[in-house]
Each structure stands twice: as structure tokens, then as C-alpha cells.
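Structural characterization, general
Listed here are the chains, written in short residue letters.
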Amino acid sequence: MATDTIELSIEGMTCASCANRIERKLNKIDGVTATVNFATEKAHVTYDDDVTTQTLVEAIENAGYQARLPAPPAQDDTAADDPVASLRRRLLISLALTVPVVAMAMVPALQFTNWQWLSLALAAPVAIWGAWPFHRAAWANLRHGTTTMDTLISMGTLAALGWSVYALFWGTAGLPGMTHEFTFTLARADGTGNIYLEVAAGVTTFILAGRYFEERAKRRAGAALRALLRLGAKDVVILRDGVEERIPADRLVVGDEFVVRPGEKIATDGVVVEGSGAVDASMLTGESVPVDVEPGDNVVGATVNVDGRLVVRATKVGADTQLAQMARLVENAQNGKAAAQRLADRVSGVFVPIVIALAVGTLGFWLGTGASVAMAVTAAVAVLIIACPCALGLATPTALMVGTGRGAQLGILIKGPEVLESTRRVDTIVLDKTGTLTTGAMTLVDVVAADGTDPDEVLRVAGALESGSEHPIARAITAGARDKVGDLPAVADFANERGLGVRGVVDDREVAVGRARFVAPDGDLAPELKEAVSQAESQGRTAVVVGWDGEAHGVLVVSDTVKPTSAEAVSRLRALGLRPMLVSGDNEAAARAVAGQVGIDEVIAEVLPQDKVDVVKRLQDEGKVVAMVGDGVNDAAALAQADLGLAMGSGTDVAIEASDLTLVRDDLNLVPDAIRLSRRTLATIKGNLFWAFAYNLAALPLAAAGLLNPMIAGAAMAFSSVFVVSNSLRLRRFRATAAG
């Protein structure tokens, strides 16, 4: 039976358990296989042709959520409603209305005649419209017999608002001249003279603020895919009957021939039919040395032609290209990476049923002892009101804001609260080589001259000749020559032999620089030069032979060099209890040479992007919690797959978007600092959650005893919030040990 695939956008999810619930609902349909990603708010569904998309949408809506079919391509960039903007608008309006409500309730001097009615007019929109996302989520949870923090918020705010309305219209709280006495007396009353509007409005606004910061971080999850697709060429010059014509790249079809000039991106996957040159394929392989290509060689879309004019015949377009496959790798990795359920939700799942049971028990107890119905209901409602924790809404966002702020000062960008869950358990760290442990740029590291030849002279003539080439190896030689010997002589009759080397006249001598067979066609190299070439190749370095007048006179060794802080960083990672591994697209010799310099024992080399993902998955299947550090496009899928992805700030946008943590400075020493800071921030969040509940639990007996008055409710809210904020501020004292 034929199958089809669709990606549905889902609205209304508030936590990871929502995603799991939708996934189970979809997978119950015969012929349907679905994965739901809470971070990107999408469901990836494969279904048989006898299942309609309407069936899928209805299944999601029956679960209490909203689903939308994919928009046509033309509409993709014009999203109708940005959830972050919508939440920001809801937060700002709620904040403007809440500030005067809290001020009037807590400052007796502001309680003018009939102030309580103004308070109702300001607080009601906050508790109903402002808290609507929580009410809607609580209803969805209720229908499925579960409780989360949304249930607690909705229950508490509606109880506070409902009781306040009752007290104003049917009790004595609406009488002119009513005030909140600024006393903390414990006196039993029927509660009809008390209002709790500041609790309803304050809790809603505090928790909206926390959700806004979480949502803003979560919306970045899909940006990795957008950044990947932006890498492709936007337009292309095609050849039709020998005439060049520029068209949008998405109009290319298989079999079209197109021109790629030096510095341009290759528009799509294809085979070279004319010309030769060097292609920078580092986005795919991670290798820092460009690959020489000639007719018959395959090239990959979005890689860059470094030099030489190429004519390429398209062999794959659109969704079949390697770039599109890499985008799918990233997306699949994100889909498979379950977002950690908020700690607050997990605690609420236990706390809410206890509070409801206590409220019902309080109501029954007081009715059973002969107390008035008003007094019994007052006590039961008070239990619900005091259980609604302002501090719980502040626990995560305040610690996260202080932690991320301190991280930003140190050059560490943390993307969201779910990131912190992973850092506590990470035990294995996978490190990319090029651009992560190494600088990612070619550098001249050695000059070997034949007996009787001055090494500086070898470097001087080679640097002069290579100054006419744009090849990265040529630039490294020229830069090294200028640093060592200063000004370089002029070059005449410069010629570039693609894939072999360059030749020209320097100081009236015929000079050649390049491969051994190009400089010395008969293979006659002095023993010391043969040894230098052999040793360089065994270490994964590039050996360039220099000669003049038909004879080889020296060898220049060019390599990607290890960053000075990499060895220290690896040592510090081991001290944190992490097992380091090196995974690279580069050749085995180069990878092992770098691993030896920085102190890593386990090396996996010559891997493609899919292989990097497979390495991470294999480690996860073994029960390891994996962190991945990388900087390139070829690392993006593995960064997304890893339990914790860390991107070097010098890397590509795709790697940065796919990661959980970004290190602004190009210093691997920031990795152990980032893990330490994340663990410290997570510990602070846990401490905040403990105390947020502790303050409320301490006040619950007072509420159940019918002794709760508005000042005690407000004070519990204020004290717990102040504690949470001050505890979070301690993170500002975090000190990094990375240099500079």
C-alpha cells in the first residue's frame, strides 16, 4: 500500500507531555506513524493512502489541540501570527493592568473610597484574558485526566477572582470605605469582606513573563532548518545552446548545464563536464583543504568553487540534493530529541491532586463540624488561592535570566531552560576537529630545504609565486613568507596548472610550486625532501614541493593548527567526569595527530554528516548522555541529535541554530565553563522550586483552618517571590576559569 508524508503545525501544546499525548493519539490510527516535536510545534506523519489528512487533523483536535495543514510555499514566509509577538502583547497588557492592582492591595494609603471596584475592573481582564492560555491548557489536561502547572495556575487564579467577585457583589467587600488592614492577624471569618484580586492578577503576570522567555527560546528550534536552506545558491547561470542565462536556482532541472565561476556557490548536486578547479567542501566533510575537481568528478550543491571556471551538469535537484538531505537529518534529529518536561510540571502533577483533595477535605471538615456554608467555602477557596504560587512562575525564568545574563558576559549563550536538564547528566562529549579543536585555517608550519639551499630562499620564491593564487594553501604560504622574510619579489609569466601547482619566473629563474610530480617529473627528490613529504602525509598535513631550474629545492608543510587552549580544555572536561571523543570528516592521520596533541584517545575519522549522527545515536543507545561540540554545517545534525549541542561562535549559522549552547569566543575552554554554569543554573532552579512550594505548603494549614486573610496571602506571595529572585541573583557571582 502506498504511503504519504505530511508535516502538521500544532497549536496549544504547553509541555512535553502534550506532545506525547498527541503522538499516542495519532499512532492509534491504523496505517499512521507519527512523531511530534514540542520544540518546533510540528507533527511529522507518515500515513497510508486510505487515511485522509482530515482524519489526522480531527484526531489532534479531539485531543484538545489545534492542527493546521502546511501552508503553500508562497505563504511560508508570511506567518499569520507569531506566537512570541502574541505572548509579548498579552504580557505587556497584563503587566500594565496588574501593577496598580498589586499597589492598591499592598499599600493602604492607595486604598481610596471604592478602590476595590477599580481593582476588579483592572484585574478581571488579566485573570480571564491574560490567563486564557493557562485556562485552555488546564481544560485540555482535565479532559485527559492529568494535571500540570497550568492546572494549578488556572485553578488558583479563577478561585481568587471568583471569590473576590462573590465578596464584592454578595458580601461586604463592595461597601464604600473597605480597606485591607495591614495586619497579619489570625482570625476566623466567613471571608465575604476579603478580596484576592492582586493574587489573581499577580500570579498570571509573573507566569506569563516566564512563559514568554521560554517561548522566545523555543521558537529558535526551527531556525536551524531555515539557516540550512539559506545556504543554497539563489540563482544560477545555465548554458542553453552555448548562451549563458541567469535563472532562479529552484528552476534548475536534472540535465541542465550551469556555469560556476571562482567564489560562487555550486547551485545543486552535479558532475563536472568542463573545466577544473578546487572546491571548498568543508560544509560537507569538515576538511579544511579544498578538493581538486576535473571533468567526471561529482560536486555537491552549496559548496564553494574556490578557483577555476566549472561547467556542471545537474544530477539532483530540490529534495534529492545532499543539502536537502542534511536539512532532513537536522529535522529528524530534532524530532527524535524529546524536550524535557518542565520541572514545575512534574512537581505540579503531584502537588495539584494533593491541593484539590485538601480543599475538598477542608470543605467537608468544616461542614461536618457545623460551621456555616460561607465559612466552609471560604476555607476551601483559601486553600486553592494560597496554592497558586507566584514564585513557581518565577523559579525558572529568574534563574534562567540571571544565568544566561552571566553566561552572555562570559561568552556563553544558553538557549532555553530545557538545555539545562541535559547538562546535569552528560557523561560523554564528542568533539569535532576542524574549527573546534583546530583553528580551521591553513597555516605554514614547517620549511624543509635540500642540502645546500637556504630555507628562507625556498620560502621567499614560493611565497612570491603563490601570491598570484587564491587557493587557501597558496594564501597560507604567502602569509608565512611575508611574516618570515618580509617583502616578496615580482613574478613574471605566472601560470596555474589546475590540480597540480603553479609556475612562473622569479628573479630570472623558472620556479614551480605544487605536487612532487609537477615540480620534479622524474620523481628525483633528495632523501631529506622525501622524508619531509612522507612525514607530513603520515600526520595528515599537506606537503608542497618547491623547485627551480628543473630541480626540487625544498618542501613547505601546511596544516590546520591546534588551538593553544584545546589541550587544557580537554583536560578540564575529563575533570568534570566527561569522556572525550574526536569525530572528524578529515582523514585518519590528520585526526589522530590532532587527538594526540590534545590528549584524546578515542578517534573516529573520515565520517560524513550522517555518520556523525549515527555515532551520537550509537552512544545514546549504549545509555550515554552525549554532548557534541562543533562549528560547521556538517555538524548541525549531530548537534541537534546530541542531548546537549554546543556550537563555536566562529562557526556557521546552521551549527549555531542547531545547538543548545553557543560559545561566542573561539576558545574551547568555554565548553567546561558552559557546562559548569548550566549545572549551577539548574541547581538554582531546583532550589527555587523547592522554596516556592515550601512557602505555599507552610501557609496551606492556615488556609485550611480558615485563618487566611488577604495580607497573609499577599505576604506569602511576596516573600516567596523575593526569595526566589534573590536566590537567582547569586548566579551573578559565577566565575569562569577560561582564559581571557
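As recorded by an unreviewed UniProt entry, the protein carries the name Cation-transporting P-type ATPase B and is attributed to Mycolicibacterium phlei DSM 43239 = CCUG 21000.

Another point: the sheet that holds strand β9 (residues 277–280). Ordered by their spatial adjacency, three strands build an open sheet running β10-β9-β12, and the pairing between neighbours is antiparallel. Across the chains shown, the open sheet's two edge strands, defined by having one partner strand only, are β10 (291–293) and β12 (304–307). Each strand axis lies, on average, 40 degrees off the axis of its neighbour in the sheet, ignoring direction.

The next subject is the UniProt feature "transmembrane region" (unreviewed entry) in the protein. Residues annotated in UniProt with the feature "transmembrane region" (unreviewed entry) correspond here to residues 91–109, 115–132, 152–175, 195–213, 347–367, 373–396, 688–705 and 711–729. Secondary structure content for residues 115–132 is 94% helix and 0% strand, while the C-alpha to C-alpha distance between its ends is 25 Å. With 75% helix and 0% strand, residues 152–175 has its two end C-alpha atoms placed 31 Å apart.

Our next topic: the packing of helix α4 (residues 115–130) against helix α6 (residues 149–169). It is at 11 Å that the axes of α4 and α6 come closest, and there the two elements cross at 155 degrees. The orientation of α4 relative to α6 falls into the category roughly antiparallel. Seen along the crossing, α4 lies across α6 with a hand that is left-handed. Packed against α4, whose contacting residues are Gln116, Trp117, Leu120, Ala124, Ala127 and Ile128, the element α6 presents Leu161, Val165, Leu168 and Phe169 at the interface. Taken together, the residues of the contact of α4 with α6 sort by class into nine nonpolar, one polar and no charged.

Glancing now at the packing of α4 against helix α5 (residues 132–143). The contact between α4 and α5 brings their axes to 5 Å, and the two run at 40 degrees. It follows from the interaxial angle that α4 and α5 lie oblique. Across from Ala127, Ile128, Trp129 and Gly130 in α4, the residues of α5 making contact are Trp132, Pro133 and His135. Here the contact of α4 with α5 is built from residues that sort into five nonpolar, two polar and no charged.

On to the sheet that holds strand β14 (residues 412–414), then. The strand order β14-β26-β25-β24-β15-β22-β23 describes an open sheet built from seven strands, whose pairing is mixed. Only two strands of the sheet have a single neighbouring strand rather than two, namely β14 and β23 (602–604). Geometrically, the sheet is characterised by an average inter-axis angle of 20 degrees between neighbouring strands, direction not taken into account. Relative to the sheet, helix α22 (residues 609–621) contacts β15 (428–431), β22 (579–583), β23 and β24 (626–630), its axis offset from that of β22 by approximately 155 degrees.

In this section: the pairing of strand β21 (residues 551–562). A large share of β21 lies buried, amounting to nine of its twelve residues. Bridge count between strand β16 (residues 438–449) and β21: eight bridges; the pairing is antiparallel. Following the sheet pairing, Leu444 is matched in β21 by Val558. Where strand β20 (residues 542–548) lies against β21, seven bridges are found, and the strand directions are antiparallel.

This part takes up a nonpolar patch on the surface. Taken together, Phe690, Trp691, Tyr695 and Phe719 make up a surface patch of nonpolar side chains, about 450 Å² in accessible area. Element by element, the count of residues in the nonpolar patch is highest for helix α25 (residues 670–704), at three residues. Assignment of secondary structure puts Phe690 in helix α25. A relative accessible area of 53% means that Phe690 is categorised as exposed.

Rules and cut-offs
What you see as residue numbers is a count from 1 along each chain, following the sequence as written. Local features are withheld for residues below a pLDDT of 70 in this predicted model, meaning they are given only at 70 or higher, and side-chain atom pairs are given and counted only at 80 or more; totals for whole chains, interfaces and linings count all residues. Computation of side-chain values covers all heavy atoms of the structure but excludes hydrogens and water. Strand pairing is assigned whenever DSSP detects at least two bridges linking the two strands. Secondary structure follows DSSP: runs of H or I at least 4 residues long count as helices, runs of E at least 2 residues long count as strands, and numbering of each begins at the N terminus. All axes here are fitted lines through C-alpha atoms, helices being fitted over the stretch that makes contact, and every angle between N-to-C directions spans 0 to 180 degrees. UniProt positions are given in the numbering used here, feature names are shortened, and annotations may be inferred rather than shown by experiment. The cut-offs work like this: below 35 degrees is roughly parallel, past 145 is roughly antiparallel, 65 to 115 is roughly perpendicular, and the gaps in between are oblique. Each helix crossing is assigned a hand: it is left-handed if the near helix lies turned anticlockwise from the far helix by less than a right angle, otherwise right-handed if that turn is clockwise. Throughout, a residue-residue contact means that at least one pair of heavy atoms, one from each residue, lies within 4.5 Å. All amino acids are sorted into three groups, where Ala, Val, Leu, Ile, Met, Phe, Trp, Tyr, Cys and Pro are nonpolar, Asp, Glu, Lys and Arg are charged, and the leftover types, Gly among them, are polar. For each residue, the accessible area found with a 1.4 Å probe, counting protein chains only, is set against the maximum for its type, and the residue is called buried under 20%, exposed over 50%, and partly exposed in between. Patch definition: residues above 30% relative accessible area lacking any salt bridge, with like charges linked at up to 9 Å and the nonpolar side chains Val, Leu, Ile, Met, Phe, Trp and Tyr linked at up to 5 Å. All accessible-area figures derive from a Shrake-Rupley calculation using a 1.4 Å probe, and residue coverage is judged against the displayed protein chains alone. Think of a salt bridge as a Lys or Arg side-chain nitrogen and an Asp or Glu carboxyl oxygen that are within 4 Å of each other.

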